[in-house]
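Chain by chain, the residues:
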Amino acid sequence: MVQHTTPPGPRVPIDLPVLPAETFEQKPPVHPLGNKARVLLTSVFGPYAQDDAFGSRAINPMELYHNQVTRTQGPFSLRMFHRSWGIMLIQANLTAPTTLLDFPTLDRFVEEIANKAYDVIGITSIIPNVGKVEHMCHLIRQHQPNATILIGGHIANLPELDRRIDADHIVRGEGVRWVQRYLGERTDRPVKHPRILSGLGARTMGVSLREKPGDVAATLIPSVGCPIGCNFCSTSAMFGGKGKHVDFYKTGDELFEVMCDLERNLKVRSFFTMDENFLLHRKRALRLLELMQQHGKAWALYVFSSANVLKSYDIEQLVGLGVSWVWMGMEGKDSQYAKLRGADTRALVKQLQSHGIRVLGSTIIGLEEHTVDNLDEAIEYAASHDTEFHQFMLYTPIPGTPLWEQTKAKGLLTDEANAHAADTHGQLRFNYRHAHLPPGVETEFLIKAFDRDFEVNGPSVLRVARTTLAGYQRYKDHPDPRIRARFRFEGAELPTTLAGAMWAARKWFTDNPGVRRRIDNLLREVYREFGLKARVAAPLVGRYIFRQLKKEDARLKRGWTYEPPTFYELTNQPDAKPEPKASPLAIPQPAVG
């Protein structure tokens, strides 16, 4: 299966590491060695999907989709990993000799700092992994006592972090310019975009998705932060809060040049746009559309967008811009957030899907108005959207956000002993006392939400196929060759691999008549559209997928987990010999315990 759909980061973060830094106005000291300093940038050590003494939790794996979106879909869950894009962006913009160690094991991290001297070591982390950061700092002081330690990422917003860990600088905000200043480098250079494939090791239904050139999206990072600034959004708070953001590429022309480079060097035709509200920058987006039209680019874009911003565009503009997939916050029924005011999100989702635009909806469990009596209704409302994917997260005050400050001021935050940082990630329990929900019930409702969405709407992979088919049927003969080419490419696997997936899923859901009926209807529509090719391929491919589906189900029931490979990359070190490139495949490991 082609990896057309690649996820962006959530509003409440999981372990997609970023190394940010202080705001542009705050000038860091300059390291004595300047850009001659030897730099190591690293994410926290694994494993990530197993309970350990340092804060890793089996319930909070390094897999965005499986963690927060397809969590209870079993062997149908979409599994994949994402590189640490923030430190990759920083590395790409330094002239200093820099080493990047991504997803190391603890032994591999110790090996690196014990055998190679560094002057600056930067660690990126989210708050739940503070125990790992603490241990890494201890190891650095033991093996590299003269190294300067930088700590960044969402963890930088943790109160009194400087008292807990032994670091030289805890830096907040956007990191490229901060680190450049710290190393005495020029900060007036244009930001160089790293060449990143957005996902690796993707699999669903027990089958690995294709990762050949053109199959995987490139990661595109136009901006960081979100001007809308919802009170719970840690990403917005991290980059200045409401009304603020940082543009790396302010114009459509700059962005187009970056995308052409990624297309040329990574052989891609789709882009996961890591920007909290990409379409909010209307002038840039419409100029990009003009350039795509002028140069005949049949690109696909996967974007974040709020509902009201989406509504401000004509559907022709969205289709022409290549918006193929959108992550949209729905938050909850009758939401009071300005980005949703007056928006009929169910009607909007149906309109987008009818034009082949796949939707990942995001719903919050535990809003202020939620009670034991009305949460079932809120869950039904979320499931009624029938989006391709649906994220459910607990309403969680994350340090640094306005919600954290408001909750703290009311004296509602629970003690550290009862809400350990390792368990404050939005997928387990509250870290505060909810006005209407007794402790522990939030976990039950969260799982109920995932289960209900899956029970009603079926596997996300088949929902994607349904909307892909709708777009193909509408646009396969479009007069614009650019639009026609994109939808034909996206629909290429409908009569083969995806038809086989439908056949296998139909065989699987014998005990769910509603989902089986949906699959029957979809498969019949594929047969009508593609004829004999689909009718022959569906059972042939389907039998193989069904066998893999059963094997995956058995593995998962035995406690099987997945871990990302370690990456080791060097820049500005011409005489160095890097390790062989890691295979971009998930590494299975049996669970501990």
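Preceding this section is the structure that the text describes.
Residues numbered from 1 in each chain as written. Predicted model: local features only at pLDDT ≥ 70, side-chain atom pairs only at ≥ 80, totals over all residues. Heavy atoms only, no water.

## Brief notes about the sheet that holds strand S3 (residues 98-102)
Formally: Only when DSSP finds a minimum of two bridges between them are two strands counted as paired. Counting from the N terminus, the helices are DSSP H or I runs at least four residues long and the strands are E runs at least two residues long. Here, residues are in contact when the closest pair of their heavy atoms is within 4.5 Å. Throughout, an axis means a line fitted to C-alpha atoms (over the contacting stretch in the case of helices), and angles, computed between N-to-C directions, take values from 0 to 180 degrees.
Pairing within the open sheet is mixed, and its six strands lie in the order S6-S5-S4-S1-S3-S18. Both edges of this open sheet fall to strand S6 (169-170) and strand S18 (567-571), since each of them pairs with a single strand only. In this sheet, strand S4 (residues 120-124) lies alongside strand S1 (residues 39-43) in parallel orientation, the contact comprising five bridges. Counterpart to Leu41 in the pairing with S4 is Gly122. Each of S1, S3, S4 and S18 is contacted by helix H3 (residues 106-115), which is oriented at about 165 degrees to S3, the strand it contacts most.

## Structural notes on the nonpolar core
For the record, the criterion: Residues enter a nonpolar core if they are buried and are Ala, Val, Leu, Ile, Met, Phe, Trp, Tyr or Cys, with the set joined through side-chain atoms within 4.5 Å. Three exposure classes are used, based on accessible area relative to the maximum for each residue type with a 1.4 Å probe and protein chains only: buried under 20%, partly exposed in between, and exposed over 50%.
Leu183, Phe278, Leu279, Leu288, Leu318, Leu321 and Leu352 are the most contacted members of the largest nonpolar core, which totals 88 residues. In terms of residue count, the dominant contributor to this core is helix H8 (residues 252-266) (seven residues). Ignoring sequence-local partners within four residues, the contact set of Leu352 consists of Leu310, Ile315, Leu318, Val326, Ile357 and Val359. By size, the runner-up hydrophobic cluster in this structure holds 36 residues, among which are Phe109, Ile140, Ile165 and Phe567.

## Remarks on the pairing of S1
Across the five residues that make up S1, a large majority, five, are buried. Bridging between S1 and S3 involves four bridges; their strand directions are parallel. Paired with Leu41 across the two strands is Leu100, which belongs to S3.

## A word on the pattern of salt bridges
Note on pairing: side chains with opposite charge can pair once their charged atoms come close. We count it as follows: When a carboxyl oxygen of Asp or Glu is within 4 Å of a side-chain nitrogen of Lys or Arg, the pair counts as a salt bridge.
A complete count under the given rule lists 38 salt bridges for this structure. One salt bridge in this structure joins Arg210 and Asp215, with 3.0 Å as the shortest N-O distance. Judged by relative accessible area, which is 36%, Arg210 ranks as partly exposed. Connected via shared salt-bridge partners are Asp386, Glu388, Arg466 and Arg518.

## Quick notes on the packing of aromatic side chains
Filter applied, for reference: Centres within 6.5 Å make a pair out of two Phe, Tyr or Trp rings, where for Trp the six-membered ring is used; the pair is then stacked when the planes are under 30 degrees apart, edge-to-face when over 60, and tilted otherwise.
One pass over the structure, following the stated rule, counts 20 aromatic pairs. When the centroid spacing of 6.2 Å and the interplanar angle of 65 degrees are considered together, the rings of Tyr302 and Trp325 count as edge-to-face. Taken together, the positions of Tyr302 in strand S13 (residues 300-304) and Trp325 in strand S14 (residues 323-331) put the pair 23 residues apart, joining distant regions of the chain. A residue is classified by how much of its surface remains accessible, and Tyr302, at 0% relative accessible area, is buried.

## Comments concerning the pairing of S4
With respect to burial, S4 is a largely interior element, five of its five residues being buried. Covered by surrounding structure in S4 are Val120, Gly122 and Thr124 together with Ile121 and Ile123, the residues of both alternating faces. Bridging between S4 and strand S5 (residues 148-152) involves five bridges; their strand directions are parallel. Paired with Ile121 across the bridge in S5 is Ile149.

Nothing here speaks to function; it is geometry throughout.
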